[in-house]
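# Structural features, examined
Listed below, chain by chain, are the residues.
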Amino acid sequence: MSVSDLVNLIQQGVFEILKVTAPILGAALIVGLIVAIFQATTSIQEQTLTFVPKLFAILGVLVLLGVWILSSIEQYTIRIFDMIPNVAR
């Protein structure tokens, strides 16, 4: 395996991580922003008010996109395992 193949594999891995985590982080970001605006307008500074909605949003995204996330990770893993015979040469 050459250096360019290794760099390509690492790039694909980083891209896969970003692709899989972006919807989860995006949902947490949007919910956090909405809760922060709500807290600023009502002057309520309760700690659980920020934690619980984010938790439910993340769980909702995982329920909705869990199959896609797992299949994407599965396809990447299969590609890596298919490359193993080429590394041994």
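Provided above is the structure to which this section pertains.
Residues numbered from 1 in each chain as written. Predicted model: local features only at pLDDT ≥ 70, side-chain atom pairs only at ≥ 80, totals over all residues. Heavy atoms only, no water.

What follows deals with the pattern of salt bridges. Across all of its chains, the model carries two salt bridges by this definition. In this structure, E16 and K19 form a salt bridge, with 3.7 Å as the shortest nitrogen-oxygen distance. One end of the pair is E16 and the other is K19, both in helix α1 (residues 3–42) and three residues apart, which spans about a single turn. R79 is the partner of E16 in a salt bridge, and the nearest nitrogen-oxygen pair spans 3.9 Å. Of this pair, E16 sits in helix α1 while R79 sits in helix α2 (residues 48–88); the two residues are 63 residues apart in sequence, bridging distant segments of the chain. Since its relative accessible area comes to 7%, E16 is described here as buried. Residue classification places R79 among the partly exposed positions, given a relative accessible area of 39%. Each of the salt bridges in this network shares a partner with another, and the network as a whole consists of E16, K19 and R79. (Salt bridge = Lys/Arg side-chain N within 4 Å of Asp/Glu carboxyl O. Helix = DSSP H or I, 4+ residues; strand = E, 2+ residues; numbered from the N terminus. Buried < 20%, exposed > 50% of the residue type's maximum accessible area, 1.4 Å probe, protein only.)

Quick look at the nonpolar core now. A general feature of soluble globular proteins is that nonpolar side chains tend to end up buried together. Membership of the largest hydrophobic core is limited to five residues, which are V20, I24, A27, V61 and I69. At the level of elements, α1 and α2 are the ones that each hand at least two residues to this core. Per-element accounting of this core gives the leading share, three residues, to α1. Setting aside residues no more than four positions away along its own chain, V20 makes contact with W68, I69, S72 and I73. (Core = buried A, V, L, I, M, F, W, Y, C linked by side-chain atoms within 4.5 Å. Contact = heavy atoms within 4.5 Å.)

A separate point is the packing of α1 against α2. Closest axis-to-axis distance for the α1/α2 pair is 10 Å, and the angle between their directions is 175°. Our classification of the angle between α1 and α2 gives roughly antiparallel. Grouping the constituent residues of the contact of α1 with α2 by class yields 22 nonpolar, six polar and four charged. (Axes fitted to C-alpha atoms, helices over the stretch in contact; angles between N-to-C directions. Parallel < 35°, antiparallel > 145°, perpendicular 65-115°, else oblique. Nonpolar A, V, L, I, M, F, W, Y, C, P; charged D, E, K, R; others polar.)

On to a nonpolar patch on the surface. Nonpolar side chains collect at one region of the surface, where M1, L6, I10, V14, L18 and V87 lie side by side and expose about 540 Å² of accessible area between them. Looking at the nonpolar patch element by element, the count peaks at four residues for α1. Along the chain, L18 falls in helix α1. In this structure L18 comes out as exposed when scored by relative accessible area, which is 53%. (Patch = residues over 30% accessible without salt bridge, like charges linked within 9 Å, V, L, I, M, F, W, Y side chains within 5 Å. Areas by Shrake-Rupley, 256 points an atom, 1.4 Å probe, with all protein chains shown as cover.)

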